[in-house]
Amino acid sequence: MHVFSTYNTQQRRKEVSRLISPAKSMHDWKKYLEQYVPSASFRDESAAVRVCQLATMAAELGTYAVGAVLLDDEGEILAEGHNEVFVDRFRSDLHAEMVALTQFETEYQGPQKPGALTLISSLEPCPMCMARLIYSGIGSIRYVCEDPHGGMVTRISSLPPTLRAISEGLSQVWGLAECSNELRGAARQIWEQHREEIDLRIVERGGGRQGY
C-alpha cells in the first residue's frame, strides 16, 4: 500500500516563517541560497536547496515559484525543472514536477527502474502533478513545504479509487522532505511572494472575473 510519511509532523505545524526575515527580493533569496550551508542532519537538505534555487529562477521569469529534482538511489540528480506555465508562451501543463519527469522520460536511458527514484519538489504536488507522478511509477515523492491552497498529497484520501490503487500497488511513499525548518520557511515564502498575482493571471486569461 502507499505510505504517507508523517516526518516532522509536529514541527510542520509550527510557524516556520518566523525563521526567515520577511520581504526578501528574489535577488536576496538567490544570494541567501547560494550562501546556505546544508545540514548533514537532514538527508534531503541539498536537494531542498536546489529546488528552492529553481523556484527563484521560475519567479524571476514571472511564473509560479516552484522547482523539482529527480534523484537516483544514491541521491544524484537525474533531471530537474521549474514551473514554466508563463515562460515564453502559456503552457498549463508545465509545472515543475512535469518538466522534470518529461526531461527524465525523454532523455534518460539508464538501468534504474522508476520505483528506485525520488522526486523532491519545493511545493506539495497539485492534483495534476500527483496523477502524473503516480502513473510515472516514481517510488518516493517528497516536498519541502505544504500547499494548503492546492496540494493533493495531504488530501490523498480524496484521490479517485483507481489512482489510489495504483499508488498502493507501487508502494509509493509520499510526504515532507527531510530538511531544516529554515529551508521549509524559505520555500514557502519564495512561493507565496507572487502566487496570488499569478493566480489572477490564470483567471483573467480564462475570461474570469476579478475577486474570484
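Our structure's up above, just so we're on the same page.
Structural notes, computed from the coordinates.

Calculation notes
Residues numbered from 1 in each chain as written. Predicted model: local features only at pLDDT ≥ 70, side-chain atom pairs only at ≥ 80, totals over all residues. Heavy atoms only, no water. Helix = DSSP H or I, 4+ residues; strand = E, 2+ residues; numbered from the N terminus. Buried < 20%, exposed > 50% of the residue type's maximum accessible area, 1.4 Å probe, protein only. Contact = heavy atoms within 4.5 Å. Areas by Shrake-Rupley, 256 points an atom, 1.4 Å probe, with all protein chains shown as cover. 1 Å grid on protein atoms, 1.4 Å probe; cavity = no way out; pocket = protein on both sides within 12 Å on 5 of 7 lines; lining within 4 Å. Points joined across faces, edges and corners; volume = space filled by probe spheres on them. Nonpolar A, V, L, I, M, F, W, Y, C, P; charged D, E, K, R; others polar. Core = buried A, V, L, I, M, F, W, Y, C linked by side-chain atoms within 4.5 Å. Phe/Tyr/Trp six-rings, centres within 6.5 Å; stacked < 30°, edge-to-face > 60°. Lys NZ or Arg CZ within 6 Å of the ring centre and 35° of its normal. Axes fitted to C-alpha atoms, helices over the stretch in contact; angles between N-to-C directions. Parallel < 35°, antiparallel > 145°, perpendicular 65-115°, else oblique. Left-handed = near helix turned anticlockwise from the far one by under 90°.

### Quick word on the overall build of the protein chain
- In terms of regular secondary structure, the protein chain is built from eight helices and six strands.
- Starting at the N terminus, the α and β elements of the protein chain follow one another as β-α-α-α-β-β-α-β-α-β-α-β-α-α.
- Looking at the protein chain as a whole, 49% of its 212 residues qualify as buried.
- For the protein chain, restricting intrachain contacts to residue pairs at least 6 apart in sequence, the fraction spanning at least 24 positions comes to 66%.
- Summed over its atoms, the accessible surface of the protein chain is roughly 10500 Å², and 49% of this surface lies on carbon and sulfur atoms.

### Considerations on the layout of surface pockets
- Its volume calculated, the largest pocket comes out at about 360 Å³.
- What lines the largest pocket is a set of 21 residues, among which Tyr64, His95, Leu123, Cys126 and Asp147 lie closest to the centre.
- Within the residue set of the lining of the largest pocket, elements represented by two or more residues are helix H4 (96–107) and helix H8 (195–205).
- Looking at side-chain class alone, the lining of the largest pocket contains eleven nonpolar, five polar and five charged residues.

### Focus on the nonpolar core
- Counting 55 residues, the largest nonpolar core has Leu119, Met130, Ile138, Trp174 and Ile190 as its most contacted members.
- Looking at this core, the element that brings in the most residues is helix H3 (residues 45–60), giving eight residues.

### Focus on the packing of aromatic side chains
- Scanning the entire structure with this criterion turns up four aromatic pairs.
- Arranged with centres 5.2 Å apart and planes meeting at 55°, the rings of Phe86 and Phe90 form a pair that is tilted.
- Under the relative-accessibility criterion, Phe90 is labelled partly exposed at 25%.
- Judged by centre distance (5.1 Å) and plane angle (25°), the ring pair of Phe104 and Tyr108 falls under stacked.
- Residue classification places Phe104 among the buried positions, given a relative accessible area of 10%.
- The exposure class of Tyr108 is partly exposed, given its relative accessible area of 27%.
- In this structure, Arg195 packs its charged tip against the face of Trp191, placed 5.4 Å from the ring centre.
- Its end group placed over the ring of Phe86, Arg201 keeps NZ or CZ at 3.8 Å from the ring centre.

### Focus: the packing of H3 against helix H7 (residues 181–192)
- One way to put it is that H3 packs onto H7 with a least axis distance of 10 Å and a crossing angle of 15°. Taken together, the axes of H3 and H7 are roughly parallel relative to one another. Viewed along their axes, H3 and H7 form a crossing whose handedness is left-handed. Contact with H3, carried on its side by Glu45, Ala48, Val49, Cys52, Ala55 and Thr56, involves Leu183, Ala187 and Ile190 of H7 and no other residues of that element.
- Residue composition of the contact of H3 with H7, grouped by class: seven nonpolar, one polar and one charged.

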